[in-house]
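# Coordinates in review
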Amino acid sequence: MFTRWSYISTSQFDATHVEKHIQEIVDISIPRNRSLDVTGALLFTGNRFAQYLEGAPSAIEELKASILRDPRHGEIRTIASGETPHRHFLTWSLAYAGPSQFVSDIIERALNDALEKGDEGLEALIQMMSEFSIRGRG
Ligand SMILES: Cc1cc2nc3c(=O)[nH]c(=O)nc-3n(C[C@H](O)[C@H](O)[C@H](O)COP(=O)(O)O)c2cc1C
């Protein structure tokens with residue numbers, strides 16, 4: 001049996017050098033998670049983090065203590081914790097997705113669906129186009 005911990009938090013990064021700040025977190029996390037036999041994922045939207053970690057209870061507690069006192073984020077709200085029967089990120093010490101990659105993956109998927117599925121894919125493409133749009137109304 002493994003323990004998992006998942007939370008959503010708000011970034012405290014200043015607007016400049018965001019990529020550099022993220023790189024520092026990822027560079028420290030990958031080897032540390034690996035040495036603790038923890039696996040998981042980190043998603044960064046540009047404003048908020050979502051993280052999912054899984055491993056032995058003591059390892060998750062150790063990481064949790066570090067992450068909770070980290071001033072680079074705040075308003076940390078746990079969305080799941082406790083036992084889990086299996087790992088979701090078996091081969092990932094920390095699967096990281098940042099804003100541009102995250103958005104472009106969604107768009108790429110919608111474009112491929114539109115090409116492959118015709119009308120059905122078009123519905124999803126139209127939905128995405130209207131949700132993502134920020135100007136041009138009227
Ligand atoms: C959003 C966020 C996610 C983090 N995720 C991890 C992680 O998965 N593993 C890790 O070792 N450190 C992670 N860190 C960094 C830790 O908070 C901490 O700075 C680092 O592990 C060093 O621990 P220490 O401050 O107790 O020495 C994360 C930091 C932030 C802000």
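Residues numbered from 1 in each chain as written. Predicted model: local features only at pLDDT ≥ 70, side-chain atom pairs only at ≥ 80, totals over all residues. Heavy atoms only, no water.

- The protein chain appears in an unreviewed UniProt entry as Putative BLUF domain protein from Sphingobium indicum.

## Brief notes about the site of the ligand
- Close to the ligand lie 17 residues, the nearest being Arg 32, Asn 33, Ser 66, Arg 69 and Asp 70.
- Between the ligand and Ser 66 there is a distance of 2.6 Å, counted from an oxygen atom to a side-chain nitrogen or oxygen.
- Against a free-state accessible area of 610 Å², the protein chains account for coverage of 83% of the ligand.
- Among the detected pockets, the ligand sits in the largest pocket.
- Of all the elements, helix H1 (residues 18-35) adds the most residues to the shell around the ligand, at five residues. (Near = heavy atom within 4 Å. Polar contact = N/O pair within 3.5 Å; in protein donor to acceptor, adjacent residues only side chain to side chain. Areas by Shrake-Rupley, 256 points an atom, 1.4 Å probe, with all protein chains shown as cover. 1 Å grid on protein atoms, 1.4 Å probe; cavity = no way out; pocket = protein on both sides within 12 Å on 5 of 7 lines; lining within 4 Å. Sits in = over half its atoms within 2 Å of the grid points. Helix = DSSP H or I, 4+ residues; strand = E, 2+ residues; numbered from the N terminus.)

## Remarks on the side chain of Glu 54
- Structurally, Glu 54 can be placed in strand S3 (residues 48-55).
- Among buried Asp, Glu, Lys and Arg side chains, Glu 54 stands out as unpaired, with Arg 87 the closest opposite charge at 4.9 Å.
- At 2.8 Å, the side chain of Glu 54 forms a polar contact with the side chain of Thr 39.
- If we ignore the near neighbours within four places in the chain, the residues touching Glu 54 are Thr 3, Arg 4, Asp 37, Val 38, Thr 39, Ile 60, His 86, Arg 87, His 88, Phe 89 and Leu 90. (Buried < 20%, exposed > 50% of the residue type's maximum accessible area, 1.4 Å probe, protein only. Lys, Arg positive; Asp, Glu negative; His and termini not counted. Salt bridge = Lys/Arg side-chain N within 4 Å of Asp/Glu carboxyl O. Contact = heavy atoms within 4.5 Å.)

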